[in-house]
Amino acid sequence: MSNLRVAFMGTPGFAVPSLTALHDAGYRVVQVYTQPPRPAGRGKKLQKSAVHKEAERLGVPVRTPGSLKDPDEQAAFKALDLDVAVVAAYGQILPKAILDAPRLGCVNVHASLLPRWRGAAPIHRAILEGDAETGVSIMVMDKGLDTGPVLAEQRTAIGGEDTNADVHDRLAYMGADLLVPSLRAYAMGALQPLPQPADGVTYAAKIDKAEAWIDWSAPAERVDRQVRALNPQPGAWTETPAGRLKVLMGVPEASGESGAVPGTVLDEQLRVACGTGVLRVTVAQRAGRAPMDAETLLRGFALPPGTVLGQTEPAA
């Protein structure tokens, strides 16, 4: 397979293991495409993407077009004379001219069990909706949104304590491990992509800012899923008399009915009343501070029993 000419298209940390796996397996990665450097950090300095940095480490040329709709960019892509392009969380819709240029098309590493959770935020949505499992799919791309036929998939359970970060990292490495043999078999004609089922299609829309606000009138189990799904980013948050607080981890207590107004701090263990049940907050983060356990937080952040959190929903 070292004779295959491959372009890799990806941007965030999720895509890095797949790029590294292709390189280490001996594929000829002749070009990496990634999003342009963006302002980040307190100084808002331009920062290269995680894939950009890994490509430089591996010595692979990098291209960072703002758009692939540009005819010159499409011509440059076609001139690479690719056998296949591998795409993982690239961050741009690929025009037909790009999809059609490689001999074997474009193969995508997608973080869900298709057709469930097509779209931008599959890990967030799987945790939010209480899915018992998720996985990765290796898909041959077409012009639709994650609608192409699937070459292979691998499943993993979503545990009751799994955060977005936990599942993200697990799927990133699962995807890389599945990609290499799947691509080899596909290139040899030993693996044929199968159309996705017509049933079970769901769409994983990008997380809206409003979805990060904690509605304490929801059941404790729902608040817990919200907290885990949005950890670390954007972080589920609530207003307190002492300022905004991100809740990063908690333990739902379905049997802890309190009769208190939802959002009420019940005790010094930072147990908070929900619509049904109680969420015991275990890890939280104040603005401008590092995450800390509840005991450490309460030493310098006044939330005495009886305090009511997040009573007013923020304006849109």
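Model, not experiment: these values are computed from the prediction.

Q: Which parts of the structure should I look at to understand the pattern of salt bridges?
A: Pairing is possible between side chains of opposite charge, provided their charged atoms come close. All chains considered together, the criterion is met by 17 salt bridges. The residue Arg271 makes a salt bridge to Asp267 at a minimum N-O spacing of 3.1 Å.

Q: How should I be thinking about the nonpolar core in this particular structure?
A: Burial of nonpolar side chains together is a common tendency in soluble globular proteins. Ranked by size, the top nonpolar core spans 74 residues in total, and within it Phe8 and Leu22 carry the most contacts. No other element matches the 10 residues that helix 6 (residues 164-188) contributes to this core. In contact with Phe8, not counting residues within four places along its chain, are Ala15, Ser18, Leu19, Leu22, Val29, Gln31, Val32, Tyr33, Val51, Val86 and Ala88. The next biggest cluster of nonpolar side chains, apart from the first, holds 15 residues, and it includes Ala7, Tyr33, Leu80 and Leu82.

Q: How do you make sense of a nonpolar patch on the surface when you look at a structure like this?
A: Taken together, the side chains of Ile93, Leu145, Val201 and Tyr203 present a nonpolar region at the surface, about 410 Å² in accessible area. For Val201, the location among the structural elements is in the loop between helix 6 and strand 11 (203-204).

Q: Even after reading the chapter, I still don't get the packing of helix 1 (residues 16-24) against helix 2 (residues 50-58), so can you show me in this structure?
A: Geometrically, a packed helix pair is captured by the angle between its two axes and the distance between the axes. For the pair helix 1 and helix 2, the least separation of the axes is 9 Å and the interaxial angle reads 20 degrees. Our classification of the angle between helix 1 and helix 2 gives roughly parallel. Where helix 1 crosses over helix 2, the handedness of that crossing is right-handed. Judged by residue contacts, Val16, Leu19, Thr20 and His23 of helix 1 engage Ala50, Val51, Glu54, Ala55, Arg57 and Leu58 from helix 2. Looking at the contact of helix 1 with helix 2 residue by residue, the classes come out as 6 nonpolar, 2 polar and 2 charged.

Q: Where do I start with the packing of aromatic side chains in this structure?
A: The geometry of two aromatic rings is summed up by the distance between their centres and the angle between their planes. Inspection of every chain in the model, using the stated rule, returns 1 aromatic pair. Here the guanidinium or amino end of Arg244 rests over the ring plane of Trp237, the centre of that ring lying 3.5 Å away.

Cut-off values and rules
- Residues numbered from 1 in each chain as written.
- Predicted model: local features only at pLDDT ≥ 70, side-chain atom pairs only at ≥ 80, totals over all residues.
- Heavy atoms only, no water.
- Salt bridge = Lys/Arg side-chain N within 4 Å of Asp/Glu carboxyl O.
- Core = buried A, V, L, I, M, F, W, Y, C linked by side-chain atoms within 4.5 Å.
- Buried < 20%, exposed > 50% of the residue type's maximum accessible area, 1.4 Å probe, protein only.
- Helix = DSSP H or I, 4+ residues; strand = E, 2+ residues; numbered from the N terminus.
- Contact = heavy atoms within 4.5 Å.
- Patch = residues over 30% accessible without salt bridge, like charges linked within 9 Å, V, L, I, M, F, W, Y side chains within 5 Å.
- Areas by Shrake-Rupley, 256 points an atom, 1.4 Å probe, with all protein chains shown as cover.
- Axes fitted to C-alpha atoms, helices over the stretch in contact; angles between N-to-C directions.
- Parallel < 35°, antiparallel > 145°, perpendicular 65-115°, else oblique.
- Left-handed = near helix turned anticlockwise from the far one by under 90°.
- Nonpolar A, V, L, I, M, F, W, Y, C, P; charged D, E, K, R; others polar.
- Phe/Tyr/Trp six-rings, centres within 6.5 Å; stacked < 30°, edge-to-face > 60°.
- Lys NZ or Arg CZ within 6 Å of the ring centre and 35° of its normal.

Honestly, it's all geometry; don't read function into it.
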